[in-house]
Amino acid sequence: MLPNQQCDKKSKVLVFGAGNFGSCLADHLGDSSHIVYMWSRSENLVKHFNEHHRNPEVLQDHAFAESITAVGPEFPSSDLIRRMDVLLFAIPTEGVRETLTALKPTLDEGRLPLLIFVNKGIEIKTRALTLEIIADTCGPEIAKVATFLSGPSFAKEIVKRQPTSVSVVSLSPDHAERASQLFHQPWFRCYTGDDPIGVELAGALKNVYAIAAGMAAGLGFENNTRAMLITRGLAEMTRIGTAYGASPLTFLTLAGVGDLFLTCSSPTSRNYTVGYRLGQGEKLDHIIKTLGSVAEGVTTAKGLKAIVDELSVGAPIASGVYDVLYEGRAVEERANELLSLPPIRELDLSVEGGKPAKRLMQKLGFDA
């Protein structure tokens, strides 16, 4: 195992969310000499964690760092929040607006903690990315310095200290660097960037294509088909992202093709599992009830469909996933339709568009 590099400065970190990813990042930071608090809505989880330093719901076999304290189920107190150097949000995208609304009265812009978001998804009702949700709830100045961590990073491998790399981005290069320094270890390498819109889109969209990859496996298709879906999924993601206003290069990063490859090629991926079980003939309602965790690609597919329609972008794979999830189409029938499409140009990026990103940048006070 690679040795930890102890930080010169101990940060006080509050993690919102005690699921797989929130727990593993809390453990990583706690093991890197930081003082960590982890909030959960479950009274049983909080009590069990503080008594045994184990999470009874996820990663049950892992003994967590002693420097982590679970808090809840009540929302963290204003006093605790004001003592924090870092607030890390590891909750589903659909819960971000509610959480930030409750948090906003406590935030002091004169002494603002570092805000890091690791959720991946699009808010269904508004089709908003997390960056826009932050602007709506906390104001544009806070959104400008929010940071986003994304990349190929399964929680069960992070807690085993297996080498992992992620993208850490913000509209503020200084805040991206601060977040990178907080997380960086020899086995958890961070690479900074300045395109949160592209990173958010990539992180949300790859879950939809992971469902498609799972469907293909469920139908009995093998490696050629998986490679096809990953490559054509990347082309669709890049086409959608460019039309939205993101940099096409972002989709070649760890947060883009790296995360897409991992999620589409691992049977342990929640979204892949949903697709596989659909391909095997199970009903979506039964899959969701028995999955045991959130598969954000299911909800993201609905928000993505609206974005694709607004942008008038060709996204046949994403549209096919939507049709299976929400229009009752059979997986095999929809797959045959996709395979029967005529040949097209392989690379076809939008040279115009970018209106959603321009509107968001104007909301944040940037000239677009």
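Attention in this report is confined to the structure presented alongside it. Worth saying up front: this structure is predicted, and the values here are computed from it rather than measured.

Positionally, Asn-207 belongs in helix H9 (residues 196-218). Overall, Asn-207 belongs to the buried group, its relative accessible area being 3%. Apart from residues lying up to four places away in sequence, Asn-207 is in contact with Lys-120, Thr-263, Asn-271, Glu-296 and Gly-297.

Let us look at the nonpolar core. Counting residues in each nonpolar core, the largest one holds 82 residues, and the members touching the most others are Leu-14, Leu-87 and Ile-197. Top contributing element to this core by residue count: H9, with 15 residues. Once residues within four sequence positions are removed from consideration, Ile-197 is found in contact with Leu-129, Leu-131, Tyr-244, Ala-246, Ala-357, Leu-360 and Met-361. Judged by nonpolar contacts, the second largest core, of 37 residues, contains Ala-18, Val-58, Leu-114 and Val-168.

As a further point, take a nonpolar patch on the surface. On the surface, a nonpolar cluster with roughly 290 Å² of combined accessible area is contributed by Phe-221, Met-228 and Leu-339. Looking at the secondary structure, you find Met-228 in helix H10 (residues 223-244). Overall, the relative accessible area of 38% leaves Met-228 in the partly exposed class.

Any two aromatic rings considered together are summarised by their centre-to-centre distance and by the angle between their planes. All chains considered together, the criterion is met by ten aromatic pairs. Ring plane angle 70 degrees and centroid distance 5.5 Å describe the contact between Trp-39 and Phe-75, whose orientation is recorded as edge-to-face. Of this pair, Trp-39 sits in strand S2 (residues 35-39) while Phe-75 is found in the loop between strand S3 (68-71) and helix H3 (78-82), placing the two residues 36 residues apart along the sequence. Residue class for Trp-39 comes out buried when judged on its relative accessible area of 4%. Phe-75 gets classed as partly exposed once you look at its relative accessible area, which sits at 30%. Aromatic side chains Tyr-322 and Tyr-326 sit 5.3 Å apart centroid to centroid with 40 degrees between the ring planes, which places their arrangement in the tilted category. With a gap of four residues between them, Tyr-322 and Tyr-326 both fall in helix H15 (residues 316-326), about one helical turn apart. Owing to a relative accessible area of 15%, Tyr-322 belongs among the buried residues under this scheme. When its relative accessible area of 28% is taken as the criterion, Tyr-326 is described as partly exposed. Through a chain of ring-to-ring contacts, the aromatic side chains of Phe-16, Trp-39, Phe-75, Phe-89, Phe-117 and Phe-148 assemble into a single cluster. Across the ring face of Phe-366, the terminal group of Lys-144 is positioned such that the distance to the ring centre comes to 5.0 Å. Directly above the aromatic system of Tyr-322 lies the positively charged group of Lys-305, at a separation of 5.3 Å from the ring centroid.

For the structure shown, the criterion picks out zero disulfides. Cys-24 forms no disulfide, and the closest cysteine sulfur to it belongs to Cys-190, at a distance of 12 Å. There is no disulfide at Cys-264, and the cysteine sulfur nearest it, in Cys-24, is 20 Å away. Judged by relative accessible area, which is 0%, Cys-264 ranks as buried.

Calculation rules
- Here the residue index of a chain counts from 1 through its sequence in written order.
- Reporting of local features is limited, given that this is a predicted model, to residues whose pLDDT is at least 70; pairs of side-chain atoms are given and counted only at 80 or more, and all residues count toward the totals for whole chains, interfaces and linings.
- Values shown for side chains rest on all heavy atoms present in the structure; no hydrogens or waters enter the calculation.
- Numbering of helices and strands runs from the N terminus; a helix is a DSSP stretch of H or I covering at least four residues, while a strand is a stretch of E covering at least two.
- Only protein chains enter the accessibility calculation, which uses a 1.4 Å probe. A residue is then buried if its area is under 20% of the maximum for its type, exposed if over 50%, and partly exposed in between.
- We call two residues contacting when some pair of their heavy atoms lies within 4.5 Å.
- Buried residues of nine kinds, namely Ala, Val, Leu, Ile, Met, Phe, Trp, Tyr and Cys, make up a nonpolar core once their side-chain atoms join them within 4.5 Å.
- Any residue with relative accessible area above 30% and no salt bridge may belong to a patch, with like charges joined within 9 Å and the nonpolar Val, Leu, Ile, Met, Phe, Trp and Tyr side chains within 5 Å.
- Per-residue and other accessible areas follow the Shrake-Rupley method at a 1.4 Å probe size, with only the shown protein chains counted as cover for residues.
- For salt bridges, the criterion is a side-chain nitrogen of Lys or Arg within 4 Å of an Asp or Glu carboxyl oxygen.
- Two aromatic rings, drawn from Phe, Tyr or Trp (for Trp, its six-membered ring), form a pair once their centres lie within 6.5 Å of each other, and the interplanar angle then sorts them: stacked below 30 degrees, edge-to-face above 60, tilted otherwise.
- We count a charge as sitting over a ring when the NZ of a lysine or the CZ of an arginine lies within 6 Å of the ring centre and within 35 degrees of the ring normal.
- By definition, disulfides here are pairs of cysteine sulfur atoms that lie within 2.5 Å.

The values are spatial; any link to function lies outside them.
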